[in-house]
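This is what each chain is made of:
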Amino acid sequence: MVAQMWTGLAQEGVTIAIPNWNHELLLPRAIDSAFQTLIRLRDEDVPGEILIIDEASRDGSPLLLRQLEALYYREGLRVLLLADTGTLADSRNLALVHARYRYIAFLDADNELIPENVPSFLRALQETEAAMVYGNLLVRTPTSRCAMNLLSNESVQFKLFQRNYIDAFSLVDRCQLFDLGGYESGYRALEDHEMWLHLAVNGRKVVFVPLAFGYYYVLPSSMATTSGNKAMEAESRSQRIYNQLQARDHLPLNTNLLRFHPALGYF
Amino acid sequence: MYPVFHAPRPRLPSVLSVFGPIEQYQADRDKRSLFSGNTGAVLEPLDAYLAHLLVNVHPGEPVLLDLTAEQTSGASTLLGVLHPRQPRVFAVGGPLPGDRRAYRGAVEEFLQQRNTDLSLLHWLSYDEMSAALKGETDVLVFLAANRPAVDAEVEQWLNLLPSAIVLVFGLGAVGSCAALDALVQRFPTGSPRRLALLRDSGEVLSASRLGMVAGRDNTAAETARRRLQQLFTSNYSFLSLLRLATEQAIRASGSDGVVRGSHGSFLEWNQEINQLKKAAQQARADAEAAFEELRTLKHSLSYRLSERFRHWRRQLAPDQTWRYRLFRGLRRSAQIVRHEGFFCLLRRIVRRCLRRSV
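Rules of the game
- Residues numbered from 1 in each chain as written.
- Chains lettered and ligands numbered in written order.
- Predicted model: local features only at pLDDT ≥ 70, side-chain atom pairs only at ≥ 80, totals over all residues.
- Heavy atoms only, no water.
- Helix = DSSP H or I, 4+ residues; strand = E, 2+ residues; numbered from the N terminus.
- Rg over C-alpha atoms; globule rule 2.2 N^0.38 Å.
- Buried < 20%, exposed > 50% of the residue type's maximum accessible area, 1.4 Å probe, protein only.
- Contact = heavy atoms within 4.5 Å.
- Areas by Shrake-Rupley, 256 points an atom, 1.4 Å probe, with all protein chains shown as cover.
- Lys, Arg positive; Asp, Glu negative; His and termini not counted.
- Charge placed at Lys NZ, Arg CZ, Asp CG, Glu CD.
- Axes fitted to C-alpha atoms, helices over the stretch in contact; angles between N-to-C directions.
- Parallel < 35°, antiparallel > 145°, perpendicular 65-115°, else oblique.
- Patch = residues over 30% accessible without salt bridge, like charges linked within 9 Å, V, L, I, M, F, W, Y side chains within 5 Å.
- Salt bridge = Lys/Arg side-chain N within 4 Å of Asp/Glu carboxyl O.
- Pairing = 2+ DSSP bridges.
- Phe/Tyr/Trp six-rings, centres within 6.5 Å; stacked < 30°, edge-to-face > 60°.
- Lys NZ or Arg CZ within 6 Å of the ring centre and 35° of its normal.
- Buried area = accessible area lost by both parts, 1.4 Å probe.
- Polar contact = N/O pair within 3.5 Å; in protein donor to acceptor, adjacent residues only side chain to side chain.
- Domains from an automatic or database assignment.

Observations concerning the overall build of chain A
Phase 1 of the analysis: The number of helices and strands found in chain A is 9 helices and 11 strands.
Phase 2 of the analysis: For a compact globule of 267 residues, the expected C-alpha radius of gyration is about 18 Å, and chain A comes in at 18 Å, within 12% of that figure.
Phase 3 of the analysis: Based on the C-alpha atoms only, the size of chain A along its principal axes is roughly 55 × 45 × 40 Å.
Phase 4 of the analysis: Expressed as a percentage of the 267 residues in chain A, the buried residues total 59%.
Phase 5 of the analysis: Here the analysis covers contacts within chain A between residues at least 6 apart in sequence; of these, 80% occur between residues at least 24 apart.
Phase 6 of the analysis: Carbon together with sulfur atoms contributes 51% to the accessible area of chain A, which is approximately 10,800 Å² in total.
Phase 7 of the analysis: Measuring between centres, the 24 positive side-chain charges of chain A sit 1 Å from its 31 negative side-chain charges.

If you want it as structure tokens, here you go:
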């Protein structure tokens, strides 16, 4: 497995990783957008795959995924069916291990990528040598066709140490995440926030690209809305780890205010 | 490396988990230019997965007889040895070590890297197989469709091991696969053996090239096949999903409106709709005109004055007070004087006073 991991690290291309936990009804939309993205990437000679990690779903997702894998394995759809439920951080670490390609787009099973823009994000990641690039997420309700808000729409600033405003829905360089030990599996919420802070304090670049990366759907009883206590716990833990002395504002930060567009460069 | 990446977690089988190691084996082999077997022609990822699941759902303790090892350069052997049920695997040894095409060493080396128990793997020559398997009941035989006279070979193994299940890998489409034609001819409907193509078990298995032959009275085979089918049958039919998707696309194109507006059969219907639309439009125009009139009235001096007076009256004589009662009496008196004259007012006052005194 380790050998496979290191071979994959060297292969240029994009793995779209979709952690899933009981999202049978929303998975087809996410997978469809991922397939459209693969087509876009292949048009630009970038190989890709879709890796779905199912965290022991009980709602029929495993059967759906079994069917889809039987139909689309050759087209690059791969499925890891786990027999127990772990944290989202565990899923993301599994994606880091099992991905075939160097770059990973993390897509939640209830969200949707905007395929036309992913090649630009990839170019931005390659040209800036960042650990992660992200862009605007258009926030929608479950079936609306228009966005009513924006997420992940600001560059990294010191206020990131206070609260998270960047979603995990982004494109990352697997090598760099590997080198820093991956996601902290002890976090039961806001593991993405912890990861951005981890990258930032280790001098890595986290770059904002002013393009829409995908659609972020707000759902009733979603994990983000029901994990209040866990989120507070995680936030205070991150505070303790990364900014106990409240001194970050007075220290240099390589990734501060980094914004990049492939057609413009840094701006 | 970091321990976080090594924590093992229990998994259910998927094409990736079954075929992933085989892909890795093939990649290693290609990298080292050991030999080049056309594995893909025989062992498809989906078929490898189905064979894996078949071992899973087999009610007994299956023993694998891999006669496709040579065609897959050992990949099919890995499929058996890496199975978590740890079946005993008898595989054709193939060319002797030293030969460029020898795969035994590569398979063993690959398994050793994964700390797999090699004692379950037995390399034999083709002729030694029948003797080694004598007396075994739960045997799964792997055969490749591109072997010469594969139908006769299937029958030979089923004669030798009547309770065995023979899996034939790499069967092509009807009409363009000689092996399939021969198998259908040898095991027709009503024969004591049944040929089943797993692609017939469900629409999602349409890409499968795996055939299964077993005795018609072999309940283990039939149960396993049915369980496999159930593993791929859900509430959804892909045809209905396709229909939904295409209907949605057509709806989005707005072609319904074009047809309704132009086709003759909607003429009467359209006329009625147009009349209703006109009526609705007229009603809307009337309502707007009335609203406009009301707005003009509200802006007139008299309306504003009356509003102002009403406001003052409410301020000076709030409801339910003696001032209000006085105001009401004065207003009524003024109305009587205006309409009936001052004497009439006096007459009324006198009459009321008299009524009270009585």
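We are not done yet, so read on.
Looking at the overall build of chain B
Phase 1 of the analysis: Looking only at helices and strands, chain B has 15 helices and 8 strands in total.
Phase 2 of the analysis: In terms of overall size, chain B is more extended than a compact globule, its C-alpha atoms giving a radius of gyration of 46 Å where 358 residues would be expected to give roughly 21 Å.
Phase 3 of the analysis: Dimensions of chain B, computed from C-alpha atoms along their principal axes, come out at roughly 140 × 65 × 50 Å.
Phase 4 of the analysis: Taking the contacts inside chain B whose residues are at least 6 apart along the sequence as the reference set, 71% of them involve residues at least 24 apart.
Phase 5 of the analysis: Of the roughly 21,700 Å² of accessible surface on chain B, a fraction of 55% belongs to carbon and sulfur atoms.

Quick notes on the packing of helix α2 (residues 27-43) of chain A against helix α5 (residues 118-128) of chain A
All names here are of chain A.
Phase 1 of the analysis: Viewed as axis vectors pointing N to C, α2 and α5 meet at an angle of 60°, and their least axial separation amounts to 9 Å. In this view, α2 runs oblique relative to α5, as classed from their interaxial angle. On the side of α2, the interface is formed by T37, R40 and L41, while α5 contributes V118, P119 and L122.

A few points about a positive patch on the surface
Phase 1 of the analysis: A surface patch of like charges, here positive, comprises R347(B), R351(B), R352(B), R355(B) and R356(B).
Phase 2 of the analysis: By relative accessible area, R352(B) is classed as exposed at 54%.

Some thoughts on the pairing of strand β1 (residues 14-20) of chain A
Residue and element names in this part refer to chain A.
Phase 1 of the analysis: Of all 7 residues in β1, 7 are buried, a share of seventy percent or more.
Phase 2 of the analysis: The alternating pattern of β1 places V14, I16, I18 and N20 and T15, A17 and P19 on opposite faces, both of which are buried.
Phase 3 of the analysis: The pairing of β1 with strand β4 (residues 103-106) spans 4 bridges and is classified as parallel. Each bridged residue has a counterpart across the sheet, and for T15 the counterpart in β4 is I104.

Points about the packing of aromatic side chains
Phase 1 of the analysis: Taken as a whole and judged by the stated rule, the model has 14 aromatic pairs over all chains.
Phase 2 of the analysis: Judged by centre distance (6.4 Å) and plane angle (80°), the ring pair of Y126(B) and W157(B) falls under edge-to-face. With Y126(B) in helix α6 (residues 126-132) and W157(B) in helix α7 (residues 150-160), the pair connects residues that are 31 residues apart, well separated along the chain.
Phase 3 of the analysis: Taken together, a centroid distance of 5.6 Å and an interplanar angle of 70° make the contact between F309(B) and W312(B) edge-to-face. Taken together, the positions of F309(B) and W312(B), both in helix α13 (residues 301-316) and 3 residues apart, correspond to about one turn of that helix.
Phase 4 of the analysis: A relative accessible area of 44% means that W312(B) is categorised as partly exposed.
Phase 5 of the analysis: Site record: aromatic cluster; members linked through ring pairs are F121(A), F169(A) and F213(A).
Phase 6 of the analysis: For R29(A), the ring lying beneath its charged end belongs to Y217(A), and the centroid distance is 3.5 Å.
Phase 7 of the analysis: The positively charged end of R92(A) is found above the aromatic ring belonging to Y183(A), 5.9 Å away from the centroid.

Considerations on unusual backbone geometry
Trans is the common state for peptide bonds, and a negative phi is the common state for residues other than glycine.
All names here are of chain A.
Phase 1 of the analysis: In this structure, A56 takes a positive phi of about 50° despite not being glycine.
Phase 2 of the analysis: The topology assignment puts A56 in the loop between β2 (48-55) and α3 (61-72).
Phase 3 of the analysis: The class of A56 is buried, set by a relative accessible area of 17%.
Phase 4 of the analysis: Of note in the backbone geometry, L257 takes a positive phi value of approximately 60° without being a glycine.
Phase 5 of the analysis: Checked against the element boundaries, L257 lands in the loop between α9 (228-242) and β10 (260-261).

Re the pattern of salt bridges
Phase 1 of the analysis: Applying the stated rule across the entire model yields 27 salt bridges over all chains.
Phase 2 of the analysis: E222(B) is paired through a salt bridge with R225(B); the nearest N and O atoms lie 2.9 Å apart. Of this pair, E222(B) and R225(B) both sit in helix α9 (residues 219-231), separated by 3 residues, roughly a single helical turn.
Phase 3 of the analysis: Through salt bridges with shared partners, a single ionic network connects E49(A), R78(A), R100(A) and E23(B).

Points about the interface of chain A and chain B
Phase 1 of the analysis: Taken together, the contact pairs 41 residues of chain A with 31 residues of chain B.
Phase 2 of the analysis: Between chain A and chain B the total buried area reaches about 3,100 Å² when both faces are included, carbon and sulfur atoms providing 61% of it.
Phase 3 of the analysis: Of all residues in chain A, R66(A), Q67(A) and Y73(A) bury the most surface against chain B, accounting for 19% of the area lost on that side.
Phase 4 of the analysis: Our count for the contact surface shared by chain A and chain B stands at 5 salt bridges.
Phase 5 of the analysis: The salt bridge partner of E23(B) is R78(A), with a shortest N-O separation of 3.4 Å.
Phase 6 of the analysis: Our count for the contact surface shared by chain A and chain B stands at 15 residue pairs in polar contact (both at pLDDT 80 or more).

Details of the environment of L199(A)
Phase 1 of the analysis: The residue L199(A) is located in helix α7 (residues 191-201) in this model.
Phase 2 of the analysis: Put simply, L199(A) and D249(A) are 50 residues apart on the chain and 16 Å apart in space, counted from C-alpha to C-alpha.

Points about the domain arrangement of chain B
Phase 1 of the analysis: What the domain assignment reports for chain B is domain 1 (9-230), domain 2 (260-299) and domain 3 (312-358).
Phase 2 of the analysis: Using only C-alpha atoms to locate each centre, domain 1 of chain B and domain 3 of chain B end up separated by 111 Å.

What to know about the pairing of strand β3 (residues 77-82) of chain A
On a regular strand, one side chain projects to one face of the sheet and the next to the other, so that they alternate.
Residues and elements named next belong to chain A.
Phase 1 of the analysis: Among the 6 residues of β3, 6 are classified as buried, and the element is accordingly described as predominantly covered.
Phase 2 of the analysis: Because side chains alternate across β3, one face comprises the buried residues L77, V79 and L81, and the other comprises R78, L80 and L82, equally buried.
Phase 3 of the analysis: Inspection of the sheet shows β2 paired to β3 by 6 bridges, in the parallel sense. Its bridge partner being in β3, I53 is matched across the sheet by L80.

So, the side chain of S120(A)
Phase 1 of the analysis: Along the polypeptide, S120(A) turns up in helix α5.
Phase 2 of the analysis: Sequence-distant contacts of S120(A), that is, excluding residues within four places in its chain, are made with L211(A) and P262(A).

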